[in-house]
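Chain by chain, the residues run as shown.
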Amino acid sequence: MVARAREIVGELSEAEQIAVINAHPRIGAGPDKVSAASFTEQGYQHDTTPPEVMLRLASLNEEYEHKFGFRFVIFVNRRPKEAIVPVLEARLRGTRDEERRTALREILAIAADRLKREVA
């Protein structure tokens, strides 16, 4: 199923790919703005993220979206939000095409992980 999704995403126009990326919630957007799966994956049920980290994520998200024109997407895989900050900072140094491809790979990794957990 994920292999077929990868094929389909690869056949989409850039605008359609960006629409797929922008359907993903912002990292650190808040528990009321994410799906139940994202809620668990991003650790909101036990969240102790300091406010300054949340502010930094919001600032980096804004900078990323301004630079690239679409949302930052990462397979959080239950990592704390503090661990996402340096990744987002590093990805801001990439190119738009690199980031678009990376975001799509991350979305597919999220889908593969969710599917694996549903089947298990």
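Above this text you will find the structure in question.
Nothing here was measured: the structure is a model prediction, and the numbers come from that model. (Residues numbered from 1 in each chain as written. Predicted model: local features only at pLDDT ≥ 70, side-chain atom pairs only at ≥ 80, totals over all residues. Heavy atoms only, no water.)

Caption draft 1: Inspection of the pattern of salt bridges at higher detail. Throughout the structure, instances matching the rule amount to eight salt bridges. Ionic pairing is found between Glu-7 and Arg-4, a salt bridge with its closest N-O pair at 3.0 Å. Residue Glu-7 and its partner Arg-4 are located together in helix H1 (residues 2-11), separated by three residues, close to a single helical turn. According to the relative accessible area criterion, Glu-7 is partly exposed, its value standing at 45%. Relative accessible area serves as the criterion here: at 44%, Arg-4 is assigned to the partly exposed category. Measuring nitrogen to oxygen at the nearest pair gives 2.3 Å for the salt bridge that ties Arg-96 to Glu-14. Taken together, the residues Arg-96 in helix H6 (residues 96-119) and Glu-14 in helix H2 (residues 14-22) connect sequence positions 82 residues apart. Taking relative accessible area as the criterion, Glu-14 reaches 36% and is therefore assigned partly exposed. Put simply, Arg-78, Asp-113 and Arg-117 are held in one network by salt bridges that share partners. (Salt bridge = Lys/Arg side-chain N within 4 Å of Asp/Glu carboxyl O. Helix = DSSP H or I, 4+ residues; strand = E, 2+ residues; numbered from the N terminus. Buried < 20%, exposed > 50% of the residue type's maximum accessible area, 1.4 Å probe, protein only.)

Caption draft 2: Focus on the side chain of Asn-61. Here Asn-61 lies in helix H4 (residues 51-68). Of the residues examined, Asn-61 reaches a relative accessible area of 4% and is grouped as buried. Those residues in contact with Asn-61 that lie beyond four places of it in its chain are Arg-26, Ile-27, Phe-72 and Leu-88. (Contact = heavy atoms within 4.5 Å.)

Caption draft 3: Up close: the packing of aromatic side chains. With the rule as written, the count across this model stands at four aromatic pairs. Here Tyr-64 and Phe-72 contribute two aromatic rings whose centre-to-centre distance is 5.3 Å and whose plane-to-plane angle is 75°, an arrangement assigned as edge-to-face. The class of Tyr-64 is buried, set by a relative accessible area of 0%. The structure contains a cluster of three or more aromatic residues connected by ring pairs, namely Tyr-64, Phe-68, Phe-70 and Phe-72. (Phe/Tyr/Trp six-rings, centres within 6.5 Å; stacked < 30°, edge-to-face > 60°.)

Caption draft 4: Broad picture of helix H5 (residues 81-91). Listing the buried residues of H5 in full gives Lys-81, Ile-84, Val-85, Leu-88 and Arg-91. Buried residues of H5, viewed axially, fall in a sector of 140°; they line one side. Those residues of H5 hidden inside the fold are in contact with H4 and H6. (Arc of directions from axis to C-beta.)

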